[in-house]
Amino acid sequence: MANKEMVRVEKLNKAFGELHVLKNVDLRVEESNVVVLIGASGSGKSTLLRCLNFLEFKDDGRIFIEGEQVEKETHNLNEIRQRVGMVFQHFNLFPHKTVLENVIEAPIIVKRTPKNNAIEEGKALLNKVGLGDKYDAYPSTLSGGQKQRVAIARSLAMKPEVMLFDEPTSALDPELVGEVLTTMKELADEGMTMVVVTHEMGFAREVGDWVMYMHDGKIVEYGRPQELFDHPKEQRTKEFLGSIL
Ligand SMILES: Nc1ncnc2c1ncn2[C@@H]1O[C@H](COP(=O)(O)OP(=O)(O)OP(=O)(O)O)[C@@H](O)[C@H]1O
Ligand SMILES: [Mg+2]
């Protein structure tokens, strides 16, 4: 039996003025799968993720979330963004709030979760990402890796069905990358459906169910990590892998 489909994109197009950034992009993500998106700078990876949680609006094409076609005109986009969470390269934590306050803010304000429940869930999430001793710390006192783990906990606090990660480790010092990737791997092992833009090929190989190579707004090649990394079919994929590996 096929797995449940969480995200499907059909013939997605997006331009910024004259610049055609996404060109007939198709994508399907099944439940509990991790799809890793790779490609050169400017190839459209962030734009694709941003279209998926409606931070950016497609020009045409169709986006389905759990089988339901979503359009900005007909859907409550805040609700969609709760279901499709996103973690960014720069963590965007509230500097004047503690770690725990950062995590409980959206559940209380947006979901109207009772404060006590939000605190209980927030603490559990912080324990899960290894920050059980940092509830009352302010973001400025944390390392980049710790901040990113707070950002992941904050996103999880909304109980998303799909998580999008846009280069979550590329702003980190090399020694802090591992702890964030470990948190993401644990999330994947628990069955979270994820789309991850990353240059961490070790992570892509180990955790990715699928890898998608994007070039100039198009999906050039899509496959299992082993196939795509060891036996790329397309010349462009070979060149890209040659340039980064
Ligand atoms: N808001 C915007 N307005 C105009 N052009 C944009 C905008 N956002 C992105 N672009 C352009 O669209 C193209 C794709 O950008 P995008 O950020 O999706 O690339 P990317 O693959 O994520 O690159 P990187 O690896 O550098 O993050 C780039 O040429 C970029 O300059
Ligand atoms: Mg990007």
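Residues numbered from 1 in each chain as written. Chains lettered and ligands numbered in written order. Predicted model: local features only at pLDDT ≥ 70, side-chain atom pairs only at ≥ 80, totals over all residues. Heavy atoms only, no water.

(A) Representation of the layout of surface pockets. In this structure, the largest pocket spans a volume of roughly 570 Å³. As for the largest pocket, its lining consists of 21 residues, of which Arg81, Met86, Ala106, Arg154 and Met158 are closest to the centre. For the lining of the largest pocket, the secondary structure elements donating two or more residues are helix H2 (77-83), strand S6 (84-87), helix H3 (99-109) and helix H5 (144-156). Of the residues forming the lining of the largest pocket, the biggest block, four residues, is contributed by S6. Tallied by class, the residues present in the lining of the largest pocket amount to eleven nonpolar, seven polar and three charged. (1 Å grid on protein atoms, 1.4 Å probe; cavity = no way out; pocket = protein on both sides within 12 Å on 5 of 7 lines; lining within 4 Å. Points joined across faces, edges and corners; volume = space filled by probe spheres on them. Helix = DSSP H or I, 4+ residues; strand = E, 2+ residues; numbered from the N terminus. Nonpolar A, V, L, I, M, F, W, Y, C, P; charged D, E, K, R; others polar.)

(B) Region of the structure containing the site of ligand 1. Neighbouring residues of ligand 1: Phe16, Leu19, Val21, Ala40, Ser41, Gly42, Ser43, Gly44, Lys45, Ser46, Thr47 and Glu167. Taking Lys45, its side chain carries an N or O atom lying 2.8 Å from an oxygen atom of ligand 1. Between ligand 1 and Glu167, the relevant distance is 3.3 Å, taken from an oxygen atom to a side-chain nitrogen or oxygen of the residue. Summarising the interface, the protein chains cover 59% of the accessible area of ligand 1, which totals 630 Å² for the free molecule. (Near = heavy atom within 4 Å. Polar contact = N/O pair within 3.5 Å; in protein donor to acceptor, adjacent residues only side chain to side chain. Areas by Shrake-Rupley, 256 points an atom, 1.4 Å probe, with all protein chains shown as cover.)

(C) View of the sheet that holds strand S7 (residues 162-166). Ordered by their spatial adjacency, six strands build an open sheet running S6-S7-S8-S3-S9-S10, and the pairing between neighbours is mixed. Across the chains shown, the open sheet's two edge strands, defined by having one partner strand only, are S6 and strand S10 (218-223). Direction aside, neighbouring strands of the sheet carry axes that sit 20° apart on average. Both strand S3 (residues 34-39) and strand S8 (residues 193-197) contribute to a ladder of four bridges, which runs parallel. Its bridge partner lying in S8, Val35 is registered against Val195. The strands touched by helix H1 (residues 45-52) are S3, S6, S7, S8 and strand S9 (210-215); relative to S7, the strand with the most contacts, the crossing angle is about 150°. Sitting on the sheet, helix H9 (residues 235-244) is in contact with S3, S9 and S10, with an inclination near 95° to S9. (Pairing = 2+ DSSP bridges. Axes fitted to C-alpha atoms, helices over the stretch in contact; angles between N-to-C directions. Contact = heavy atoms within 4.5 Å.)

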